[in-house]
Amino acid sequence: MWLITVLVVYISGYTDSGVLAYAMAIGNVFLSIASFNIRVFQVSDISNAYTPGNYAAFRILTVILAYALILPYIYFTTENASLIFPAVLFLLFKLTKRLLMSYMQLIRKPRGWIT
């Protein structure tokens, strides 16, 4: 993430860097909800009490919950409307990463590639 911040400052200047910092701050607060870390539980589920679909559904539910919380928060706390779109995009970027990591975990577990 530091590279993105440096590139934004270098390419666009300090104003856009501030917009990115705002989006990162908002996104990282709510990312903890979306990435509710079930990885440790999933890895330790050696008896397969829950199906991969259960884990995927839970991840999708946490992502929806994060968006349901962040959108009103951004709307009611942001005075400058031009900051709303970058904050939502940054959250989408981070949540896509989180969904892909969950998918990779679902693929790795049956093969014994637990990391």
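Figured I'd write up the structure that's included with this text. Quick caveat: nothing in here was measured; it's all calculated off a predicted structure.

## What about a nonpolar patch on the surface?
Move 1: A cluster of nonpolar residues, Trp2, Leu3, Val6, Leu7, Tyr10 and Ile11, forms a patch on the protein surface that exposes about 760 Å² of accessible area.
Move 2: Residue placement: Trp2 occurs in helix α1 (residues 2-12).

## Observations regarding the packing of α1 against helix α2 (residues 14-34)
Move 1: Axis separation between α1 and α2 bottoms out at 7 Å; the angle between their running directions is 150 degrees. For the element pair α1 / α2, the angle class is roughly antiparallel. Classified by chirality, the crossing of α2 by α1 is right-handed. Residues Ile4, Thr5, Val8, Val9 and Ser12 of α1 lie in contact with α2, whose contacting residues are Tyr14, Asp16, Ser17, Leu20 and Met24.

## Thoughts on the packing of aromatic side chains
Move 1: Evaluation of the coordinates by the stated rule reveals four aromatic pairs.
Move 2: Judged by centre distance (5.1 Å) and plane angle (80 degrees), the ring pair of Tyr75 and Phe76 falls under edge-to-face. In terms of burial, Tyr75 and Phe76 fall into one category: exposed.
Move 3: Measuring from centroid to centroid gives 6.2 Å for Phe90 and Phe93, while their planes differ by 45 degrees, and the two rings are tilted. Of this pair, Phe90 and Phe93 both sit in helix α5 (residues 84-111), three residues apart, roughly one helical turn.
Move 4: Judged by its relative accessible area of 42%, Phe93 is partly exposed.

## Regarding the side chain of Thr78
Move 1: With respect to the element layout, Thr78 can be found in the loop between α4 (52-77) and α5.
Move 2: Residue Thr78 is classed as buried on the basis of its relative accessible area of 11%.
Move 3: The contacts of Thr78, once residues within four sequence positions are left out, are Tyr22, Leu83 and Ile84.

## Side note on the environment of Ile70
Move 1: Within the fold, Ile70 resides in helix α4.
Move 2: Linking Ile70 and Phe30, residues 40 residues apart in sequence, is a C-alpha distance of 6.6 Å.
Move 3: If we skip the residues at most four places from it in the chain, Ile70 touches Ile26, Gly27, Phe30 and Leu91.

## Some remarks on the nonpolar core
Move 1: Formed by 16 residues in total, the largest nonpolar core has its most connected members in Ile26, Tyr67, Ile70 and Leu95.
Move 2: Only α2, α4 and α5 provide two or more residues apiece to this core.
Move 3: A total of seven residues in this core trace back to one element, the largest contributor, which is α2.

## A few points about the packing of α2 against α4
Move 1: At a minimum axis separation of 8 Å, α2 and α4 run at an interaxial angle of 145 degrees. Like other packed secondary-structure pairs, α2 and α4 cross with a definite hand, here right-handed. For the pair α2 and α4, contact is made by Tyr22, Ile26, Gly27, Phe30, Ile33 and Ala34 and by Arg59, Thr62, Val63, Leu65, Ala66, Leu69, Ile70, Tyr73, Ile74 and Thr77, respectively.
Move 2: Across the contact of α2 with α4, the residue classes break down as twelve nonpolar, three polar and one charged.

Scoring rules and cut-offs
Residues numbered from 1 in each chain as written. Predicted model: local features only at pLDDT ≥ 70, side-chain atom pairs only at ≥ 80, totals over all residues. Heavy atoms only, no water. Patch = residues over 30% accessible without salt bridge, like charges linked within 9 Å, V, L, I, M, F, W, Y side chains within 5 Å. Areas by Shrake-Rupley, 256 points an atom, 1.4 Å probe, with all protein chains shown as cover. Salt bridge = Lys/Arg side-chain N within 4 Å of Asp/Glu carboxyl O. Helix = DSSP H or I, 4+ residues; strand = E, 2+ residues; numbered from the N terminus. Axes fitted to C-alpha atoms, helices over the stretch in contact; angles between N-to-C directions. Parallel < 35°, antiparallel > 145°, perpendicular 65-115°, else oblique. Left-handed = near helix turned anticlockwise from the far one by under 90°. Contact = heavy atoms within 4.5 Å. Phe/Tyr/Trp six-rings, centres within 6.5 Å; stacked < 30°, edge-to-face > 60°. Buried < 20%, exposed > 50% of the residue type's maximum accessible area, 1.4 Å probe, protein only. Core = buried A, V, L, I, M, F, W, Y, C linked by side-chain atoms within 4.5 Å. Nonpolar A, V, L, I, M, F, W, Y, C, P; charged D, E, K, R; others polar.

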